[in-house]
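Residues per chain, in single letters:
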Amino acid sequence: FKTLADKGYIYRGLKPVNWCFKCETALAEAEVEYEDHASPSIYVKFKLDAAQGFTADTYLVVWTTTPWTLLANVAVSVHPDFHYVCVRTGKGNLIIVKDLLDRVLENSGIKEFEILKEYRGRQLEGLHYTHPFGMRSGTVVLAEYVSKEEGTGLVHTAPGHGNEDYMTGVRYKLDIVMPVDAKGIFDNTVGEFSGQHVFSANKPIIEKLQRQGALLFQGALQHSYPHCWRCKSAVIFRATKQWFINIDHEGLRTRLLDVIGNSVEWIPAAGKERISGMVKTRPDWCLSRQRYWGVPIPSVICVGCQEEFLDPAVIENFARTAAQEGTDSWFSREIKDFLPEGFTCPGCRSNRFVKGNDILDVWFDSGVSSQAVLKKRAALNFPANLYLEGSDQHRGWFQSSLIPALCIDGAAPFATVLTHGFVVDAEGRKMSKSLGNVISPFDIIKEYGADLLRLWVASSDYNEDIRISSEILKRLAEAYRKIRNTARFILSNLYDFNPDTDCLAVGGLKKIDAWILSRLQELIRAVTDAYEHFEFYKAYKLTYDFCNEPLSMYYLDMVKGRLYTCGSASAERRAAQTALYEILQVLVRLLAPILSFTADEMWQHLPLSVKMPRPDSVHLSDWPIVNPVFSQQQARGEEDSGQHLDVVFDLIPDIAKALEALRSEGAIGSSFDAQIYLLTNNQNRYTYLDSLRADLLEIFKVSQVSVLKQELPDSAAAVSSAYTDIGIKVAKADGQKCQRCWNYSHAVGTDTRHPELCAACIATLTA
């Protein structure tokens, strides 16, 4: 605060601020909530002075929804470029904006009229009128904010009761009339309305206008109106002396907009436009509050001239005392304890002072957390990597953080700002006890565990409101079980795997192992990018989809034969285990930010490596990086290299369809009961498929695969839906079924020692 004061950003001024008469304090914009409110809507006649060339019964027609502020009226604002007309009616000659003439006359019950003259708004500037209650003379002024969307095109102006009115008042040096006290009660300067609350005074004011013939129309308007964030009461605009940060001092507003637009990443991107629009039009920041608690503003009030001001030495003395005794020392100590030796008033030279009683806006307290937190801890950096809050904080905490940091440090306190929606029920309704739709996080943890609660948050697109219901949680529980069971299956097949001695080099892997590891590298890239951009729902979905489809649906199902029937230390089984180990030690780290407890549990059961010791917790491990040995470029090549498997996987849906048809005929049960014929008349395609003959058995999970060079179409073959030059035929497998691996072979029954086994299984058992 002292730094801001020293740099000239802090000033004291009489300005209209949001005022809560129930809490009796000023409010900043961030402390105001907007709710529906019914206000009176009236048209009022302000009589022009006849000496200006108008007839004695010529009036300005003004619209307002705050009749009580008419007591402080000093001007009427018109738009310089709008067209206004003076019309003769039975209720006098009325000046109204041309575009709203018909609506205003209809609302006023006026059916007959004659247009006497037309004016541009700027031609009306400087005209004088008499206040409807004879309280004072007023002036017509120009203002760009005047609208012709509603009302009359002439705006009642009271500089003490509105920010735009105040700015107009400053420009035209208008009086600031403020007859309302801190409780929202009129003082004794307003005659018969003295002692009345402002909102209660609306009715008698309208009745007096009616009696005097100044009221043309009265109705009601339902609109969004500011309310206090604490007591929920409707607030008023009231001019009082407050402490402000000057948003335009030394080009601060321009610098804020530059930093917002060029130095900060906003997630989602729309946040940049949202906060920019707010900063462009925001008033100066009202820092002072009239409350009995909080951090005091160390101002001093001269007893002699009643001037209240800040002094650097006083602020410094208070800061030093507060460091030892806390901020309440301002209230508990005498004023002399904070004054420097020989201190006098800079205005009247008096040496008698009392302490100011205002406190700092709590948004300032939270806004300077970058100073109090980031700069006080060696382990933290300035600026912070991320500020995270709800989307309502574009006008709150994000601005209250940005403004002091830019004034003090010349930089934003954050590199990235992320905003999220709010939690609602399945129908999009706000959580409410009265609706009975509140879901307690503790109930979720009790039923499903903490990780499912984390999974729900991470899987939600926080750019919008986040829905939660029992049905949503049940679906996520299924997804969680899918991920957990995938990890359990992998771990159950790594019980005898030693990474130091059993891992195979990439050359020892089968093509399907290389394929899944190449997909794993793609996953690392995509998930890392999603986390880097705070797209947690993408990180979750990418990981879940990988577990669900390429891993569980394809790879794990395909390699079961190798894992269960090949020799425990065989190259075929070790190749599959090598891939499984690599997959799991990557997956566990990709999942750790979301499923933190499950991931750590998985980490504890991973096979240990002496050569590559790992930390005790997954959360202390390094983030996985793409392994070029397993990258897509290594695992895939041209079709004729035999490494490219996309074509083969594209055939799986057609093969599954053909097998199902054979199964429905009763010819086969398991897919291992079948054999497949792949037909093609394309030499390159034939060479490619034929080179994969051994791998196709595992990929298609059948006992026999034949690749034939044959002209298409073939009446017995179905043409692939993906490749028109490949035909597919399925039939019952030849030979007998091995009771150990379930594959059919002509070798079954040829060995008298093991008449029910195939040659491969016999070799495994006798090795």
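What you see is a predicted model; the values in this text were computed from it and never measured.

### Points about the overall build of the protein chain
The helix and strand tally for the protein chain stands at 26 helices and 30 strands. For the protein chain, whose C-alpha radius of gyration is 40 Å, the value lies well above the compact-globule estimate of 27 Å for 767 residues. The principal-axis extent of the C-alpha atoms belonging to the protein chain is close to 125 × 75 × 45 Å. For the protein chain, buried positions account for 50% of its 767 residues. Within the protein chain, counting contacts between residues at least 6 apart in sequence, those at least 24 apart form 71% of the total. Where the 82 positive side-chain charges of the protein chain centre and where its 93 negative ones centre are 3 Å apart.

### Some details on the sheet that holds strand β22 (residues 414-420)
If you trace the 3 strands from one edge of the open sheet to the other, you get β14-β22-β21, paired in parallel fashion. Of all strands in the sheet, those with a lone pairing partner are β14 (265-267) and β21 (384-390), marking the two edges. Mean inter-strand twist for the sheet, computed between neighbouring axes without regard to direction, equals 15 degrees.

### Some thoughts on the packing of aromatic side chains
All told, the structure shown has 27 aromatic pairs when counted by the stated rule. Pairing Trp-330 with Phe-338 gives two aromatic rings, centres 4.9 Å apart and planes at 40 degrees, and the pair type is tilted. Residue class for Trp-330 comes out buried when judged on its relative accessible area of 0%. Taken together, Trp-266, Tyr-387, Trp-397, Phe-398 and Phe-414 form an aromatic cluster joined through their ring pairs. Looking at Arg-238, its charged tip hangs above the ring of Trp-19, at a distance of 4.6 Å from the centre. It is Lys-729 that lies over the ring of Tyr-677; its NZ or CZ is 5.7 Å from the centre.

### Regarding the pattern of salt bridges
Applying the stated rule across the entire model yields 36 salt bridges. Salt-bridge contacts for Asp-409 lead to Lys-375; the nearest nitrogen and oxygen are separated by 2.3 Å. Separated by 34 residues along the polypeptide, Asp-409 in helix α12 (residues 397-409) and Lys-375 in the loop between α11 (369-372) and β21 bring together distant segments of the chain. Assessed through its relative accessible area of 29%, Asp-409 is described here as partly exposed. Note that Arg-663 is salt-bridged to Glu-660, the shortest N-O span being 2.7 Å. Of this pair, Arg-663 and Glu-660 both sit in helix α23 (residues 646-664), 3 residues apart, which is roughly one turn of the helix. Residue Glu-660 is classed as partly exposed on the basis of its relative accessible area, which comes to 43%. Put simply, Glu-31, Arg-289, Arg-291 and Asp-361 are held in one network by salt bridges that share partners.

### With respect to the side chain of Ser-288
Tracing the chain through its elements places Ser-288 in strand β16 (residues 288-289). Here Gln-242 takes part through its side chain, which lies 2.5 Å from a polar atom of the side chain of Ser-288. From its side chain, Ser-288 meets the backbone nitrogen of Trp-243 in a polar contact 2.9 Å long.

### So, the confidence of the model for the protein chain
Per-residue pLDDT for the protein chain averages 90, and the proportion of residues at 70 or more is 98%. Predicted confidence for residues 633-643 stays below pLDDT 50, and this span has 26 contacts to residues more than four positions away or in other chains.

### Describing the pairing of β21
The pairing of β21 with β22 spans 6 bridges and is classified as parallel. Residue Glu-389 lies in a different strand from β22, and its bridge partner there is Thr-419. The β-α-β motif built from β21, the intervening α12 and the parallel element β22 has right-handed crossover chirality.

### Here's the deal with the nonpolar core
If you look at the biggest cluster of nonpolar residues, it comprises 93 residues, and the most contacted ones within it are Ile-516, Leu-551, Tyr-555, Ile-583 and Phe-700. Per-element tally for this core: the top contributor is helix α20 (residues 571-591), with 12 residues. In contact with Ile-516, other than residues within four places in its own chain, are Phe-546, Pro-550, Leu-551, Tyr-555, Ala-579 and Ile-583.

### Observations concerning the sheet that holds strand β19 (residues 353-355)
Strand order in the open sheet made by the 3 strands is β18-β17-β19, with antiparallel pairing throughout. The open sheet has two edge strands with one neighbour each: β18 (308-309) and β19. Examined bridge by bridge, strand β17 (residues 300-302) and β19 share 3 bridges and lie antiparallel to one another. Paired with Ile-301 across the strands is Val-354, a residue of β19.

### Section: the packing of helix α17 (residues 511-532) against α20
It is at 10 Å that the axes of α17 and α20 come closest, and there the two elements cross at 5 degrees. With respect to their mutual orientation, α17 and α20 come out roughly parallel. Of the residues in α20, those in contact with Asp-513, Ile-516, Leu-517, Leu-520, Leu-523, Ile-524, Val-527 and Tyr-531 of α17 are Ala-575, Ala-576, Ala-579, Glu-582, Ile-583, Val-586, Leu-587 and Leu-590. Of the residues contributing to the contact of α17 with α20, the split by class is 14 nonpolar, no polar and 2 charged.

### Re the environment of Glu-572
Within the element layout of this structure, Glu-572 appears in helix α20. Taking relative accessible area as the criterion, Glu-572 reaches 37% and is therefore assigned partly exposed. The spacing of Glu-572 and Arg-562 is 10 residues in sequence and 6.3 Å in space, taken between C-alpha atoms. Residues contacting Glu-572, with those up to four places away along its chain left out, are Arg-562 and Cys-566.

The rules behind the values
- Residues numbered from 1 in each chain as written.
- Predicted model: local features only at pLDDT ≥ 70, side-chain atom pairs only at ≥ 80, totals over all residues.
- Heavy atoms only, no water.
- Helix = DSSP H or I, 4+ residues; strand = E, 2+ residues; numbered from the N terminus.
- Rg over C-alpha atoms; globule rule 2.2 N^0.38 Å.
- Buried < 20%, exposed > 50% of the residue type's maximum accessible area, 1.4 Å probe, protein only.
- Contact = heavy atoms within 4.5 Å.
- Lys, Arg positive; Asp, Glu negative; His and termini not counted.
- Charge placed at Lys NZ, Arg CZ, Asp CG, Glu CD.
- Pairing = 2+ DSSP bridges.
- Axes fitted to C-alpha atoms, helices over the stretch in contact; angles between N-to-C directions.
- Phe/Tyr/Trp six-rings, centres within 6.5 Å; stacked < 30°, edge-to-face > 60°.
- Lys NZ or Arg CZ within 6 Å of the ring centre and 35° of its normal.
- Salt bridge = Lys/Arg side-chain N within 4 Å of Asp/Glu carboxyl O.
- Polar contact = N/O pair within 3.5 Å; in protein donor to acceptor, adjacent residues only side chain to side chain.
- pLDDT = per-residue confidence, 0-100.
- Right-handed = clockwise from strand over helix to strand, strands pointing away.
- Core = buried A, V, L, I, M, F, W, Y, C linked by side-chain atoms within 4.5 Å.
- Parallel < 35°, antiparallel > 145°, perpendicular 65-115°, else oblique.
- Nonpolar A, V, L, I, M, F, W, Y, C, P; charged D, E, K, R; others polar.

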